[in-house]
Amino acid sequence: MKSEEIIKAFSSIAKEKNVERENLSDIIKNVFLKLIEKKYGDTTNFDVIVNMDKGEIEIYHQKLVVEEVEDSVNEISIEEAKEIEPELEVGDPYVDIISPSTFGRRSIYNAKQILNQEIVKVERNSIYEEFKDRIGEVIVGNIHQIRRNAVYVHVDKAELKMPRSEQIRGEKYKRGEDIKIFIKDAKMTPKGPEIIASRADNRFLEILFENEVPEIYDHTIEIVKIARQPGDRSKVIVESNDKRIDAVGACVGIKGSRIQAIVRELNNEKIDVINNSSQPEILITRALSPAKPYMLEIDEEKKEALAVFEDDDISVAIGKGGRNIRLASEVTGYEIDAKKRSEYEMEGVQQLYLEDVDELEEHEWKILNSVGIETAEELLNASRSDLMKIDSMKDVSIDEIEETVETALENREEEQESESEREEEREEEREEDVEKETDKTETQEVNSTDEEEEQSDKSDTENYDVEKVDKTESEGNPHFEN
């Protein structure tokens, strides 16, 4: 079989496999190197040149001219060499040109099988290189297989794997349906490229926001942090770089149009959009939504916070399976502990030890301690008859001691009530700070509304065009591919 016929036969196979012409040259070269290795046992002194334009395959075999041949593959005798090239001497290199037809039809048939294997390798490498460069994109694929631990999605010639850990909890998949996926990773394995797709990754949510909110795409609004329980709830902190634009309002859209598009894509996952704040109390309060803390204690050094809620609100604050409090902790960077108001106040009522009552004589409280009565509560709950049985108590007035302890206990409770009132005042001040920021935002919205009313002579068609521009900008985002 001539070189031209071999190339033509190989080209037809490559065409069926959609292999590019420039890659076919390397594939044919590798095929013949394997045939050479099979026939001669080594390819060290062989070179294969493939010219696709001329349809030629040239195989060169370099041998060494010697007096006596010991290696029949890589050596040639001086007598034989001089018959071909008389000027050759011992020690000179001799190049033998091998015709591809010398391998025979059977070898060429085997070469076609090798060609198929090489084409598969090229396809695998091509897929890996393509998706390695596309990590971080959101694309649309078609669901091909649904297995217990993974869903397989076809994108062109590639098959992407979406493991269970990268799926949205509770989401149902159907074979043949189109699906948006995030390209998370690409790696080459012995079995071929493994492209990992995800719908649970935080970056998937971030790109969905970029697609729906032009202000995020052009960096007028920045996404500061995302905490997410896929399929259940997400908390997204946003910040506006333009004081005239309300970050939360822009993300939510008119009548919730923008946020609802994202929610639908994420299988009705709840999304809390949070306005960023440099004040930890305000940021943590917003992050704990939909619950509102009655009081906050914050340790900025340890990055810890205690959030106290009304007893009826504690379940909402913690959330199902502790998700709300955990997501709030993750998105703010503070380890938040939630507590009922009743429990918090009970902890605040500290025990009053008799030795701490200044009005009691030392010998008096020591007598009571000796029989196991150490606190004011224990003394006032003890029966008079039991106290009278104590020999040492005959020399002291039980009534006076009880009256002294009751007075000290009342004074302690008054102090705690005063401290509670002061804490409520501090909480009111914090709420006022939050309201001031909210008022500022509402003022911006009112000003924006006034400007819209001044231009009320514009037609509905013009308004539609504005929405169309927003949509066009969103669709023009390079992160998304239809």
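Keep in mind the model is a prediction, meaning the values are calculated, not measured. (Residues numbered from 1 in each chain as written. Predicted model: local features only at pLDDT ≥ 70, side-chain atom pairs only at ≥ 80, totals over all residues. Heavy atoms only, no water.)

With that settled, the discussion passes to the confidence of the model for the protein. Low pLDDT means the predicted atomic positions in that stretch should not be read closely. The predicted model of the protein has a mean per-residue pLDDT of 82, with 82% of residues at 70 or higher. Low pLDDT, under 50, characterises residues 441-482; the predicted model gives this stretch 31 contacts beyond four residues in sequence or across chains. (pLDDT = per-residue confidence, 0-100. Contact = heavy atoms within 4.5 Å.)

Because an α-helix completes one turn every 3.6 residues, residues spaced three or four positions apart along the sequence face the same direction. Extensive coverage of helix 9 (residues 280-287) is indicated by the burial of 6 of its 8 residues. Within helix 9 the residues assigned to the buried category are Pro280, Ile282, Leu283, Ile284, Arg286 and Ala287. (Buried < 20%, exposed > 50% of the residue type's maximum accessible area, 1.4 Å probe, protein only. Helix = DSSP H or I, 4+ residues; strand = E, 2+ residues; numbered from the N terminus.)

Turning our attention to the packing of aromatic side chains. All chains considered together, the criterion is met by 1 aromatic pair. Ring centres 5.0 Å apart and planes at 35° place the aromatic pair tyrosine 40 and phenylalanine 46 in the tilted group. Tyrosine 40 sits in the partly exposed class, given a relative accessible area of 25%. Here phenylalanine 46 falls in the buried class, since its relative accessible area comes to 8%. (Phe/Tyr/Trp six-rings, centres within 6.5 Å; stacked < 30°, edge-to-face > 60°.)

Before going further, it helps to spend a moment on the sheet that holds strand 12 (residues 270-275). Ordered in space as 10-11-12, the 3 strands form an open sheet in which the pairing is mixed. Across the chains shown, the open sheet's two edge strands, defined by having one partner strand only, are strand 10 (221-229) and strand 12. Recorded for the sheet is a direction-independent mean angle of 20° between the axes of neighbouring strands. Bridging between strand 10 and strand 11 (residues 233-240) involves 8 bridges; their strand directions are antiparallel. (Pairing = 2+ DSSP bridges. Axes fitted to C-alpha atoms, helices over the stretch in contact; angles between N-to-C directions.)

So, on to the nonpolar core. Core analysis: the biggest nonpolar cluster contains 24 residues, and Leu205, Phe209, Val236, Val238, Leu266 and Ile271 have the highest contact counts within it. When contributions to this core are tallied by element, the ones reaching two or more residues are helix 5 (202-212), strand 10, strand 11, helix 7 (247-252), helix 8 (257-265) and strand 12. With 5 residues, the single largest contributor to this core is helix 5. The residues contacting phenylalanine 209, other than those within four sequence positions of it, are Ile216, Ile223, Val236, Cys251, Ile259, Ile262, Ile271 and Val273. Ile274, Ile284, Phe309 and Ile325 belong to the second largest nonpolar core, which has 21 residues in total. (Core = buried A, V, L, I, M, F, W, Y, C linked by side-chain atoms within 4.5 Å.)

The subject of this paragraph is the pairing of strand 13 (residues 295-299). Where strand 13 meets strand 14 (residues 304-309), 5 bridges bridge the pair, whose relative direction is antiparallel. The residue bridging leucine 296 from the neighbouring strand is alanine 307, located in strand 14. Linking two consecutive strands that pair antiparallel, namely strand 13 and strand 14, is a turn of 4 residues; a positive phi of about 55° is found at lysine 303 within it.

With that out of the way, let us pick up the sheet that holds strand 15 (residues 335-340). Here we have 3 strands laid out as an open sheet, ordered 13-14-15, and mixed in their pairing. Either end of the sheet is taken by a strand with one partner, and the two such strands are strand 13 and strand 15. Shown here is a sheet whose adjacent strand axes are inclined to one another by a mean of 15°, direction ignored. As judged from the 6 bridges shared by strand 14 and strand 15, these two strands associate in the parallel manner. The residue of strand 15 that forms the bridge with valine 308 is lysine 339. This element, helix 9, spans strand 13, strand 14 and strand 15 of the sheet and lies at about 125° to strand 13.

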